[in-house]
Amino acid sequence: MLQFYLFGATGDLSLKKIFPALFALYEQRLMGESFEIICISRREFLQEDFHKYLEEHIIGIEKKIKWTSFLKHLHYQKMTFENVLGYEDMAKTYDIDKGTVRLFYLAAAPEYFKTIVANLSQSEILEMNNKDHRLLIEKPFGKNLESAIQITRHLEKYLAEFQIFRVDHYLGKEMIQNIMLFRFSNGLFEAGWNKDYIDHVQITVAESIGVFERTGYYDKTGAVRDMIQSHLLQILALLTMTPKNERSQSDICDGKVEVLKHLQFDDVYKDIVLGQYSKSDNSVSYRDEQGVHPQSKTETYAALKIKVDLPRWKDVDFYLRTGKRLQEKHSDIVIVYKKPSGKIGQDAEPNVLKIQIYPQEGMTLKFNMKEPETTKELTTREMTFCQTCIEGYKRPKAYETLIYEAIQGNHDLYARWDEVKYEWTFVEKILSQCVELRKELEFYSAGGKGPIEADNLLLKDGRQWLSDK
Ligand code: BG6
């Protein structure tokens, strides 16, 4: 038996990601024979009204025959997160045998995490050290290191670390999962995955959307805390870690932590660009978005150069960038190799391996060959593998994968507390330097390519962004 308790069941995240993922798992018969989803929210709904609300608000899924039978597993529970009586009521209503797997998904604002967990524990719905009782929490894990530590200290009173699943949905994406498998299953690449062969790495996560109704959260957060602290540093850690045993989850986490502890950022003036979108023909400026402070200094774009201060990556530069309201939504990782040391190599273009995450999933590899009909001329060719082009390929959705893994009790795609702690430690160090040294915001036109200064970040090192867009 599986019980899935969804806190914040009428919120945006639940409607856009969690219900569609649960339904998809149900359609694929991956929710098990017997399960119930307890949908918790403060709104006044009768069960049928709630079903109707879902019917109207969940988009992007085909609500056909299976949808009706799926709804039978959904139970609406009106209650405020603070009211312990609601939990006690729930404990009575859903009291079932010991072996039940209980997943508590907090799709709620982080300020409620502490209250919900304390109340779940007090009403004995959640038992400490019970491996079948699992808590899933969404980022942001706090708004800075201090609050993340506080949340964790609080959670630790009620749960063991093995009961906590910290969702970083990028870890559920196909090509992000692929980094590990690709690296460690190809001797050809693994042998040269280090400072002797790799010149630099570029990670881009560009978004075309703005912040919509999330301005309340975003204006206090910004691109560094929202995206770099979690998704981009996780990608970097997966690319650079050296786990003792790459089949062991704890060794993988240890490997990531080792990298995150050794991130190095040198110069606020030269190595970071913070941007904010300004008005364009098709869009208002960030400061004119509803709910944003008219003088807001929040960055909607960040690009930075960092190093991993470990022998394996000595002197290799890692460039990370992310932003909102850019030309197109796309993400990729570009690994640029060093040129070979011989005379011919000096005339060649560097080998480039590109891992495409979105919109296309795939890989391309650039290499040099002889130009036909010449004897010594070189030309650069490309080998491409497009995963999304495979006929019948259905891109798995990150939330489907993540929820399924949590149902199985598998932590592989979740972040451990010390990973999050060192992510926060690093971004806070950078952000406090930016504040101290009064780092200026660069403005870029909404729908454009981002601030020109982000191009200069590479140009001054004799490089350029090689991402698709
Ligand atoms: C979230 C951020 O974690 O990731 C959002 O809070 C961002 O600001 C989103 O839009 C991007 O996710 P995806 O999967 O659309 O690239």
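How each quantity is defined
- Residues numbered from 1 in each chain as written.
- Predicted model: local features only at pLDDT ≥ 70, side-chain atom pairs only at ≥ 80, totals over all residues.
- Heavy atoms only, no water.
- Disulfide = S-S within 2.5 Å.
- Buried < 20%, exposed > 50% of the residue type's maximum accessible area, 1.4 Å probe, protein only.
- Helix = DSSP H or I, 4+ residues; strand = E, 2+ residues; numbered from the N terminus.
- Contact = heavy atoms within 4.5 Å.
- Near = heavy atom within 4 Å.
- Polar contact = N/O pair within 3.5 Å; in protein donor to acceptor, adjacent residues only side chain to side chain.
- Areas by Shrake-Rupley, 256 points an atom, 1.4 Å probe, with all protein chains shown as cover.
- Nonpolar A, V, L, I, M, F, W, Y, C, P; charged D, E, K, R; others polar.
- Axes fitted to C-alpha atoms, helices over the stretch in contact; angles between N-to-C directions.
- Left-handed = near helix turned anticlockwise from the far one by under 90°.
- Parallel < 35°, antiparallel > 145°, perpendicular 65-115°, else oblique.
- Pairing = 2+ DSSP bridges.

Engineer: Quick one: what's the story with the state of the cysteines, residue by residue and with numbers?
Structural biologist: Two cysteines form a disulfide when their sulfur atoms are joined by a covalent bond. Counted under the stated rule, the structure contains one disulfide. Covalent S-S linkage joins C386 and C389, the inter-sulfur distance amounting to 2.0 Å. Across the S-S bond of C386 and C389 the torsion is about 80°, and the bridge reads as right-handed. When its relative accessible area of 13% is taken as the criterion, C386 is described as buried. Under the relative-accessibility criterion, C389 is labelled exposed at 54%.

Engineer: Explain the side chain of E289 residue by residue, including any values.
Structural biologist: Considering the arrangement of structural elements, one finds E289 in the loop between β9 (272–278) and β10 (301–308). The class for E289 is buried, based on a relative accessible area of 13%. Contacts of E289, omitting those with residues within four sequence positions, involve T215, Y277, V284 and R325.

Engineer: Can you tell me about the site of the ligand, naming the residues and giving the values?
Structural biologist: Lining the immediate environment of the ligand, one finds K139, H169, Y170, K173, E207, R214, D226, M227, H231, K324 and K329. E207 is positioned with one of its side-chain polar atoms (N or O) 2.5 Å from an oxygen atom of the ligand. In the model, an oxygen atom of the ligand is placed 2.8 Å from a nitrogen or oxygen of the K329 side chain. Burial of the ligand by the protein chains amounts to 83% of its free accessible area of 400 Å². Classifying every residue of the shell around the ligand by side-chain character gives two nonpolar, two polar and seven charged.

Engineer: Break down the packing of helix α1 (residues 12–27) against helix α14 (residues 398–407) for me, citing the residues and quoting the values.
Structural biologist: The relative placement of two packed helices comes down to the angle between their axes together with the axis-to-axis distance. Interhelical geometry of α1 versus α14 gives an angle of 65° and a closest axis separation of 9 Å. As for the relative orientation of α1 and α14, their crossing is right-handed in sense. For the pair formed by α1 and α14, the contact residues are L13, K17, I18, A21, L22, A24 and L25 on the first element and Y399, E400, I403, Y404 and I407 on the second. Its residues assigned to classes, the contact of α1 with α14 shows ten nonpolar, no polar and two charged.

Engineer: Provide a residue-level description of the packing of helix α11 (residues 249–261) against helix α15 (residues 417–436), including the pertinent values.
Structural biologist: Relative orientation of the contacting elements α11 and α15 amounts to 10°, with a least axis distance of 9 Å. Here α11 is positioned roughly parallel relative to α15, judged by the angle of their axes. Judged by the sense of rotation from one axis to the other, the crossing of α11 with α15 is left-handed. In this structure, α11 contributes C253, K256, V257, L260 and K261 to the contact, and α15 contributes D418, E419, Y422 and E423.

Engineer: Describe the side chain of Q234, naming the residues involved and giving the relevant values.
Structural biologist: As for its placement among the helices and strands, Q234 is situated in helix α10 (residues 222–240). Residue Q234 is classed as buried on the basis of its relative accessible area of 1%. Apart from residues no more than four positions distant in its own chain, Q234 is found in contact with D168, L171, K256, A415, E419 and E423.

Engineer: Hey, could you go over the sheet that holds strand β1 (residues 2–7) for me, with residue numbers and the actual values?
Structural biologist: Read from one edge to the other, the open sheet built from six strands follows the order β3-β2-β1-β4-β5-β6, with strand pairing classed as parallel. Both edges of this open sheet fall to β3 (74–78) and β6 (164–167), since each of them pairs with a single strand only. Across the sheet, the mean angle separating the axes of adjacent strands is 20° when strand polarity is ignored. Bridge count between β1 and strand β2 (residues 35–41): six bridges; the pairing is parallel. By the bridge assignment for β2, Q3 is matched with E36.

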